[in-house]
Amino acid sequence: MLVAVRFAFLYASTYLVRAFDRRPQQRMLRVGHRTRVVNGLAGFRGAVSLAMVLSVPQTLDSGEPFPDRSFIVFVTSGVILATLVVQGLLLPVAVRWAKLPPDTSVDEEHDLAETTAIEEAIKALPRLAADLRSEPKIVEWLRQEYEAHLASVRAQSAGAHDDPAVLQHQDYLALRLALITNKRATVVRLRDERRIDDTVLRRLQAALDSEEVRLSGGAAVE
């Protein structure tokens, strides 16, 4: 009954909203029946349901046993078991059958944030350089680096992975990561030669790890 009510609600509410809301924005949010089937099978029951049923008191204020408490626990446990086992096994099959499109919202938001941040940084570069009295050579070097990075991000967002800007940025990252590996091996060698102690080694390794994570986009560092 619980599964049937969930499916009935998903379909009834969908067509009810469509009947009363004819805005173009609402039409853009519509999904097919395959997606609703996946949503219906995803209605698992578990810890919350078990906690609620176990919170039913065993006795009333009068001291008499709570009516049908064992039956309530039995039914709820059956619902939990059925949804976790039956629906849990069917859900992967339903997801493959539904052929859902990949969720690109996180990547799109990441590209938007990175692009906007770089653009704002380039705009603020002259003012910040003037405040810090930076040398023109350094300002020009940073501007070129940021513009190259911006071109790479825009090309990747557009799906042009073979764009020269993307390939150049990948080569740049690969060389920087290779240099970090070489620097890490060097500081370890200096420690082994007892020219630096473990405290200095850990401090340098932490800095190298942070730089490697930043360059690799948050990938795990071995």
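For the structure given in this document, a descriptive report is provided here. Keep in mind that what you see is a predicted model, and the values were worked out from it rather than measured.

1. Considerations on the overall build of the chain
Reasoning step 1: Within the chain one finds nine helices and zero strands.
Reasoning step 2: When its helices and strands are written in sequence order, the chain yields α-α-α-α-α-α-α-α-α.
Reasoning step 3: Whereas a compact globule of 222 residues would reach a radius of gyration of roughly 17 Å, the chain reaches 29 Å, over 25% beyond that.
Reasoning step 4: With the principal axes as the frame, the chain shows a C-alpha extent of 85 × 55 × 40 Å.
Reasoning step 5: Summarising the internal contacts of the chain: among those between residues at least 6 apart in sequence, 60% fall at separations of at least 24.
Reasoning step 6: For the chain, the computed accessible surface area is about 16,400 Å², with 62% contributed by carbon and sulfur atoms.
Reasoning step 7: Averaging the positions of the 28 positive and the 28 negative side-chain charges in the chain gives two centres separated by 4 Å.

2. Looking at the nonpolar core
Reasoning step 1: Membership of the largest hydrophobic core is limited to six residues, which are Val37, Val38, Leu41, Leu91, Ala94 and Ala98.
Reasoning step 2: Listing elements by their share of this core, those giving two or more residues are α3 (33-41) and α5 (69-98).

3. Points about a negative patch on the surface
Reasoning step 1: Judged by side-chain charge, Asp103, Asp107, Glu108 and Glu109 come together as a negatively charged surface patch.
Reasoning step 2: In this structure, Glu109 sits in helix α6 (residues 105-132).
Reasoning step 3: For Glu109, a relative accessible area of 57% corresponds to the exposed category.

4. Some words on helix α7 (residues 136-157)
Reasoning step 1: Taking 1.5 Å of rise per residue, 22 residues should cover 32 Å, and α7 covers 31 Å from first to last C-alpha, within 8% of that figure.
Reasoning step 2: Of the residues making up α7, those classed as buried are Val139, Leu150, Ser152, Val153 and Ala155.
Reasoning step 3: Backbone geometry just downstream of α7 places Gly159 in the positive-phi region, at approximately 85°.

5. Topic: a nonpolar patch on the surface
Reasoning step 1: Among the surface-exposed residues, Phe44, Leu81, Leu84, Val85, Val86, Leu89 and Leu90 lie close enough to one another that they form a single nonpolar patch of about 640 Å² accessible area.
Reasoning step 2: Locating Leu89 in the fold gives a position in helix α5.

6. Re helix α9 (residues 198-215)
Every α-helical turn comprises 3.6 residues, leaving residues that sit three or four positions apart pointing alike.
Reasoning step 1: The end-to-end C-alpha distance of α9 is 25 Å, a good match for the 26 Å that 18 residues give at a rise of 1.5 Å each.
Reasoning step 2: When we look at burial in α9, the residues that qualify are Leu201, Leu208, Glu211, Glu212 and Leu215. The buried residues of α9 all sit within an arc of 100° when viewed along its axis, so they share a single face. In α9, the exposed positions angled more than 90 degrees off the buried face are occupied by Arg202, Arg203 and Arg214.

7. Regarding the packing of α6 against α7
Relative placement of two packed helices is described by the angle separating their axes and the distance separating the axes.
Reasoning step 1: Where α6 contacts α7, the axes come no closer than 10 Å and their chain directions differ by 165°. In terms of orientation, α6 lies roughly antiparallel with respect to α7. In the crossing of α6 with α7, the sense of the turn from one axis to the other is left-handed. Contact residues: α6 offers Asp111, Glu114, Thr115, Ile118, Glu119, Ala121, Ile122, Leu125 and Ala129, while α7 offers Val139, Leu142, Arg143, Tyr146, Glu147, His149, Leu150, Val153, Arg154 and Ser157.
Reasoning step 2: The class makeup of the residues in the contact of α6 with α7 is 10 nonpolar, three polar and six charged.

8. So, the pattern of salt bridges
Reasoning step 1: What the rule picks out here adds up to 11 salt bridges.
Reasoning step 2: Of the charged contacts in the structure, one is a salt bridge between Arg195 and Glu193, with a shortest N-O distance of 3.4 Å.
Reasoning step 3: Residue classification places Glu193 among the partly exposed positions, given a relative accessible area of 39%.
Reasoning step 4: Three or more residues joined by partner-sharing salt bridges are found here, namely Glu140, Arg143 and Glu147.

9. Re the packing of α7 against helix α8 (residues 164-192)
Reasoning step 1: With their axes 8 Å apart at the nearest point, α7 and α8 run at an angle of 120° to one another. Considering the angle they form, α7 stands oblique to α8. In the crossing of α7 with α8, the sense of the turn from one axis to the other is left-handed. Of α8, the residues touching α7 (which contributes Glu145, His149, Ala151, Ser152, Ala155 and Gln156) are Ala165, Val166, His169, Gln170 and Tyr172.
Reasoning step 2: Residues that form the contact of α7 with α8 fall into these classes: five nonpolar, five polar and one charged.

Thresholds, definitions, all that
- Residues numbered from 1 in each chain as written.
- Predicted model: local features only at pLDDT ≥ 70, side-chain atom pairs only at ≥ 80, totals over all residues.
- Heavy atoms only, no water.
- Helix = DSSP H or I, 4+ residues; strand = E, 2+ residues; numbered from the N terminus.
- Rg over C-alpha atoms; globule rule 2.2 N^0.38 Å.
- Contact = heavy atoms within 4.5 Å.
- Areas by Shrake-Rupley, 256 points an atom, 1.4 Å probe, with all protein chains shown as cover.
- Lys, Arg positive; Asp, Glu negative; His and termini not counted.
- Charge placed at Lys NZ, Arg CZ, Asp CG, Glu CD.
- Core = buried A, V, L, I, M, F, W, Y, C linked by side-chain atoms within 4.5 Å.
- Buried < 20%, exposed > 50% of the residue type's maximum accessible area, 1.4 Å probe, protein only.
- Patch = residues over 30% accessible without salt bridge, like charges linked within 9 Å, V, L, I, M, F, W, Y side chains within 5 Å.
- Salt bridge = Lys/Arg side-chain N within 4 Å of Asp/Glu carboxyl O.
- Expected span 1.5 Å × (residues − 1).
- Arc of directions from axis to C-beta.
- Axes fitted to C-alpha atoms, helices over the stretch in contact; angles between N-to-C directions.
- Parallel < 35°, antiparallel > 145°, perpendicular 65-115°, else oblique.
- Left-handed = near helix turned anticlockwise from the far one by under 90°.
- Nonpolar A, V, L, I, M, F, W, Y, C, P; charged D, E, K, R; others polar.

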